[in-house]
Amino acid sequence: KPPNFPAGPAGLPIIGNLHQLGSEPHKTFMKMREQYGDIFSLKFASYNVIVLNNYKDIKDAFAENAFSGRADFKPLKDRSGGMPRGLIFNVERSWTEQRRFALKSLRDFGFGKKSVETIVYDEITELIDNFRKTIGKPMQTQNKFNAAVLNALWTMVTGNRYSHDDPMLQDLIKRLTSSVTQSRAASVVLFFPWLYQLRNKLTMVFAYAKERQESIAKNMNFVKGTVEDHQSTFQKDAAPRDFIDVYLAEMEKTSDTTSSFYKEEGLKNLTVTLLDLFVAGAETTSTTLSWEFLLLALHADKQEKLHEEIKRVVGLSRLPSLNDRPSMPYTEAVINEVMRFSAMVPLAVFHSALEDVTFKGYQIPKGTLVIPNLFCTMHDPKVWTDPETFRPERFLSEDEKTLVKNEALIPFSTGKRICLGMTLAQDELFLFTSSLFQRFKVGPDPNGEKLTVDYHAASVLVPKPHNLVLYDRIEE
Ligand code: HEM
């Protein structure tokens, strides 16, 4: 161990602590915290790791540029053409440039602005039509939300939308979903470059590796095709149609040969950026909606309160809008509680130290992986009363009229690398939640198995497949 490094459980040679993680590492870390404290260390193969479990430590660490690196895993670099590019796994200057540009441009195309409403309304209208066909029948919600959410993103980025049952859209969803929810067994190769090499050589033997490589290649081609279409119809002086157009315009005006927007490098960053937006934006938002439907099916009283607020503030004759949001604290509290309870991205995305840093008296060497245990901050019994209970009222003042903030609610992480799509996700969650619970009531399938909050744990926590039944509140 490096000198003055946080303490942690002893591991084995070669693999370090990898064998101790279990199927739910976020919970294992909560147990280790009892023995080793809020900040403890691990070893994953040759990587030094520190785990942060307290929201204050996570906030302080991630406010520093020194902790804004990402792991230098070879498979991740291969995914973006041999070096870090795009948004999620990019680092240093290229990341700063790409992130700043994506944030600004997407804000102009919807993030936090009115136009997000128009785009999301199209999806909500189709979703409501589809849901109405299933009234009274058992159905799985996850895939339906996926299509709507991915479509909204696709519209902002590429200017087009698909019908929710379009095979192209369904195919894209399948490939994106598997990249986020693939088993932990596959991610072990991240830590062992030699195993990754071997796996590549034995691609024919490892079916999942083959499938994953093909899926990344297909997604890449799909995105490249869309970029090429834009390039061939791009008009320099016309108003940009979408995110890709703004990006192409930025490339046109870049003359600095070292910029991440310059010519070929710009194009490479664009394709990875597009993939990153879809990978990060679609599955997360739709899984949050799945959690919400499941939790509200289990808590009919909270669902009734939610519907009552929507009926009182918006009525039943028009769709809710972002302007209604400040008058709907219960709706906000429900969304907050769904995000807290599900802690859907339990360990965020690993950060790494870009240089040697001193943090809270510890010396953290360059290259150390930093894991923020977001699950712990949002289920910490020291912060939350009865953390395992679903109770939206915890985010309200005593008279239930005002929303109350809690600093430990950090489902989007915090600091320099805070989720780039946070505003969009929050707007979408508000619009989907208020529109769908204005119209529908959701409950367990009376003839199905007992509903539980069990989930499948990968990078994202996804509720186990389950059926729900919808009822239409508005007779036509
Ligand atoms: C409920 C929905 C969402 C949740 C809970 C969520 C959560 C997260 C978390 C925990 C991270 C990791 C932050 C870190 O490394 O510390 C992240 C990163 C990211 N998210 Fe989200 N996200 C959501 C929706 C979205 C949407 C809709 C988009 C885009 C349109 C998006 C784009 C991104 C990107 C690009 C990153 C990487 C940022 C970077 O590394 O600089 N996310 N998100």
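Residues numbered from 1 in each chain as written. Predicted model: local features only at pLDDT ≥ 70, side-chain atom pairs only at ≥ 80, totals over all residues.

Trainee: Give me the overall build of the chain: which residues, what numbers.
Mentor: Looking only at helices and strands, the chain has 16 helices and 11 strands in total. Taken against the 2.2 N^0.38 rule, which gives 23 Å for 476 residues, the C-alpha radius of gyration of the chain at 23 Å falls within 12% of a compact globule. Along the three orthogonal principal directions, the C-alpha set of the chain runs to about 65 × 60 × 45 Å. Counting all 476 residues of the chain, 41% fall into the buried class. (Helix = DSSP H or I, 4+ residues; strand = E, 2+ residues; numbered from the N terminus. Rg over C-alpha atoms; globule rule 2.2 N^0.38 Å. Buried ≥ 20, exposed ≤ 12 C-beta atoms within 10 Å, placed from the backbone.)

Trainee: Go over the sheet that holds strand β7 (residues 369-372), please, and point to the residues and values.
Mentor: Reading across the sheet, the four strands line up as β1-β2-β7-β4 and stay open at both edges, with mixed pairing between neighbours. Each edge of the open sheet is held by one strand with a lone partner, namely β1 (39-44) and β4 (351-352). In this structure, strand β2 (residues 47-52) lies alongside β7, joined through four bridges in parallel fashion. Along β7, the bridge assignment pairs L52 with P372. Against the sheet, helix α2 (residues 55-62) touches β1, β2, β4 and β7, its axis set at about 125° to β2. (Pairing = 2+ DSSP bridges. Contact = placed C-beta atoms within 7 Å. Axes fitted to C-alpha atoms, helices over the stretch in contact; angles between N-to-C directions.)

Trainee: Account for unusual backbone geometry, with residues named and values stated.
Mentor: Even without being a glycine, A348 presents a positive backbone phi close to 50°. Structurally, A348 can be placed in the loop between α14 (329-342) and β4. Positive phi, normally seen in glycine, also occurs at S413, with a value near 65°. A tally of 21 C-beta atoms within 10 Å means that S413 is categorised as buried.

Trainee: Residue-level account of the pairing of β7, with values.
Mentor: Neither face of β7 is left uncovered, since the one carrying L369 and I371 and the one carrying V370 and P372 both have all their residues buried. Both β4 and β7 contribute to a ladder of two bridges, which runs antiparallel. Within the sheet, the bridge partner assigned to S352 lies in β7 and is L369.

Trainee: An account of the environment of I418 is needed here, citing residue identities and associated values.
Mentor: Turning to its location among the elements, I418 is positioned in the loop between α15 (374-379) and α16 (422-439). Along the backbone, I418 and A63 are 355 residues apart, and their C-alpha atoms lie at a distance of 9.7 Å. The residues touching I418, leaving out its near neighbours within four places in the chain, are F412 and S413.

Trainee: An account of the site of the ligand is requested, with residue identities and associated values reported.
Mentor: Within the structure, the ligand sits among 25 residues, and A280, G281, S413, C419 and G421 are positioned closest to it. Every element with two or more residues in the shell around the ligand is listed here: α12 (263-298) and α16. For the shell around the ligand, the leading source of residues is α12, giving seven residues. Residues belonging to the shell around the ligand are distributed by class as follows: 15 nonpolar, seven polar and three charged. (Near = placed C-beta within 6 Å. Nonpolar A, V, L, I, M, F, W, Y, C, P; charged D, E, K, R; others polar.)

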